[in-house]
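# A closer look at the structure
Spelled out from the first residue to the last, the chains are:
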Amino acid sequence: MMSFPPLGCFALSHSVSDFDPLPLLSRAALFLDMDGTLLDIAPTPDSVQVEAGLPEVLSRLHDDLGGAIAVVTGRPVEQVEALFPGIFTAIAGEHGGALYHRTMQTTERVALADLPVEWLRQGEALAARLPGVLLERKQRGFVLHFRAVPEAGPQVEAGLRGVMAGHEDRFTLMAAHMAWEVKPKGADKGTAVQHLMQHAPFRGRVPVFIGDDVTDEDGMAACRAMGGAGLRVQEAFGDAAGVRAWLREVVR
């Protein structure tokens, strides 16, 4: 049975032994972050592009893995389905706050604290005071992106910490790619992996998580705790293009 190819050829400054060992393809369950892992980071969330041929590669990998492939992302489930319609057996969106499984055709939402409406208004006001900062609404929270104005990062963080002051027991301010996200506590990419691993076709397989951001570390840690692997894009593949090249090699 085909095994995952060695990573050394995709990580010029590391030897294979530097990475978590990968299971045989026939035994693996693959969990993939999306932005910065499958897709190149774009100036805005709405401007990402799906590389030509990537859906076909992922469909073939889905078959090779017996369906044990999922996207685990901070985006809503609906956005993943719009970009990759009908490809993934499962999607964990909103950092584990929303769980979709194709066989059930429904999205299960984890019980989490409701974001105060006033916080969104304060977030909008903060973005308005900082030209170039973009507010992205989410089902359970919101994100302030400062990719266009990197120097605004400290002001964004300080402003949001002020908004959340006194509520850190129920909400968290999470760092992401040139962004800060306000979200409720109680779900993350690690809990999403743990949930999906309890269900077919993931159950009984060895989990492998690939991600590029601090938000992916919970997913990596969960996979390692279950005897699997967690791979950071920058270290193992270089960038999202390297991940896509590796996936093409896997399906060959």
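Scroll up for the structure.
Residues numbered from 1 in each chain as written. Predicted model: local features only at pLDDT ≥ 70, side-chain atom pairs only at ≥ 80, totals over all residues. Heavy atoms only, no water.

## Re the pattern of salt bridges
A pair can form between side chains of opposite charge whenever their charged atoms are brought close. Counted by the stated rule, this structure contains 15 salt bridges. Arginine 109 serves as the salt-bridge partner of glutamate 78, at 4.0 Å between the closest nitrogen and oxygen. Residue glutamate 78 is located in helix α2 (residues 77-83), and its partner arginine 109 is located in strand β5 (residues 106-109); the two are separated by 31 residues in the primary sequence. Among the residues examined, arginine 109 registers a relative accessible area of 32% and is labelled partly exposed. With its nearest N and O atoms 2.6 Å apart, the salt bridge here joins aspartate 216 to lysine 189. Taken as a pair, aspartate 216 in the loop between β10 (206-211) and α6 (217-225) and lysine 189 in helix α5 (residues 189-196) lie far apart in primary sequence, 27 residues in all. (Salt bridge = Lys/Arg side-chain N within 4 Å of Asp/Glu carboxyl O. Helix = DSSP H or I, 4+ residues; strand = E, 2+ residues; numbered from the N terminus. Buried < 20%, exposed > 50% of the residue type's maximum accessible area, 1.4 Å probe, protein only.)

## With respect to the environment of lysine 183
Its place among the elements puts lysine 183 in strand β9 (residues 179-184). Between the alpha carbons of lysine 183 and arginine 232 there is a distance of 23 Å; along the sequence they are 49 residues apart. When neighbours within four sequence positions are excluded, lysine 183 is seen to be in contact with His95, Arg140, Phe171, Thr172 and Met174. Within the structure, the side chain of lysine 183 is placed 3.0 Å from the backbone oxygen of alanine 187, a separation counted as a polar contact. (Contact = heavy atoms within 4.5 Å. Polar contact = N/O pair within 3.5 Å; in protein donor to acceptor, adjacent residues only side chain to side chain.)

As far as function goes, none of this settles anything; it's purely spatial.
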